[in-house]
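A structural walkthrough
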Amino acid sequence: EQSPGSGNVYTLASVREDLVRQEDTIIYGLIERAKFPSNSHTYDEKYAQIPHFCGSLVEFVVKNTEALQAKAGRYKNPEENAFFPENLSPSIVPSYPFKQFLHPGAASININKSIWKMYFQDLLPLLATPGDDGNYAQTAANDLSLLQAISRRVHYGKFVAEVKFRDSPEDYEPLIRAKDKEGLMKLLTFTSVEESVRKRVEKKASVFGQEVSLESVDNDNKKRKFDPTVASSLYKNWVIPLTKEVQVEYLLRRLD
Ligand SMILES: C=C(O[C@@H]1C=C(C(=O)O)C=C[C@H]1O)C(=O)O
């Protein structure tokens, strides 16, 4: 049997399992970014002054990394969405035959602009302690991998929505035809699943963020690599709502 990662079977159980695994990636991304202070020069257009480039250092790193990864085939995978899709060259490497599981309308859904805004306005101030250690390139590289992990999770809503649609088209079709966003939102929402996601994320964040030492230390006195409630508020306030927004957007196009 092939896993969804290799492009074949998607079920509600398998997509949920994948979402659980993606939590690990996001939490490790948070830990890695929290290692650096805020390093505000990374985000300051006026500081950067890069020849032949207009923008901040993080934009420079993200645009150029995405350009390279596009050539290496990253965006051939329908699970991946670029932050700056406008400037990308096509892949120049042999392509893997990803199964076409999604409706073609999926390709027009990219909410990375909202993710970008949330990341810099809301998440970073909670995550990074004020300060400057000069590691701007490393900081930008960590920002990009965390942004990509969040983006992959949120856009995975396309797969979740497709599975839900296939499981009960008779419930979804009338709402899609009526363009009833609220009704769709209600139908695709599972409050108890969301609750477990939030609790598990906070637990994982506190476990993964622990200092591991060989002496037995009282748990409460252990130094933490970051505040685990940042992970749960990221999920509660942004990751889950945005994943649901992607599901609604996908379903609205599902019968086109
Ligand atoms: C992703 C799903 O859809 C919704 C969004 C969830 C999430 O983002 O974690 C969880 C439950 C649902 O309300 C799902 O049903 O698994």
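Here the structure is shown first, and the text comes after it.
All of the points below concern the structure found in this document. (Residues numbered from 1 in each chain as written. Predicted model: local features only at pLDDT ≥ 70, side-chain atom pairs only at ≥ 80, totals over all residues. Heavy atoms only, no water.)

Quick notes on the site of the ligand
Taken together, 15 residues surround the ligand, and among them R16, R153, K164, F190 and E194 come closest. One of the side-chain nitrogen or oxygen atoms of R153 is found 2.8 Å away from an oxygen atom of the ligand. One nitrogen or oxygen atom from the side chain of K164 is found 2.7 Å from an oxygen atom belonging to the ligand. Bound to the protein, the ligand loses 99% of the 360 Å² it would expose on its own. If you tally residues by element for the shell around the ligand, the top one is helix 10 (residues 228–253), at 4 residues. Among the residues forming the shell around the ligand, the class breakdown is 7 nonpolar, 3 polar and 5 charged. (Near = heavy atom within 4 Å. Polar contact = N/O pair within 3.5 Å; in protein donor to acceptor, adjacent residues only side chain to side chain. Areas by Shrake-Rupley, 256 points an atom, 1.4 Å probe, with all protein chains shown as cover. Helix = DSSP H or I, 4+ residues; strand = E, 2+ residues; numbered from the N terminus. Nonpolar A, V, L, I, M, F, W, Y, C, P; charged D, E, K, R; others polar.)

Some points on empty space enclosed by the protein
Scanning the model with the defined rule gives 2 cavities of 30 Å³ or more in all. Taken as a whole, the second largest cavity holds about 40 Å³ of empty space. Forming the boundary of the second largest cavity are R74, Y75, E79, E80, N81, Q148, S151 and R152. Class assignment for the residues of the lining of the second largest cavity results in 1 nonpolar, 3 polar and 4 charged. (1 Å grid on protein atoms, 1.4 Å probe; cavity = no way out; pocket = protein on both sides within 12 Å on 5 of 7 lines; lining within 4 Å. Points joined across faces, edges and corners; volume = space filled by probe spheres on them.)

Describing helix 9 (residues 191–208)
Because each turn of an α-helix spans 3.6 residues, side chains separated by three or four positions in sequence point in the same direction. In a regular helix each residue adds 1.5 Å, so 18 residues correspond to 26 Å; helix 9 covers 26 Å between its end C-alpha atoms and thus fits that length. Within helix 9, the full set of buried residues consists of E194, V197, V201, K204, A205 and S206. (Expected span 1.5 Å × (residues − 1). Buried < 20%, exposed > 50% of the residue type's maximum accessible area, 1.4 Å probe, protein only.)

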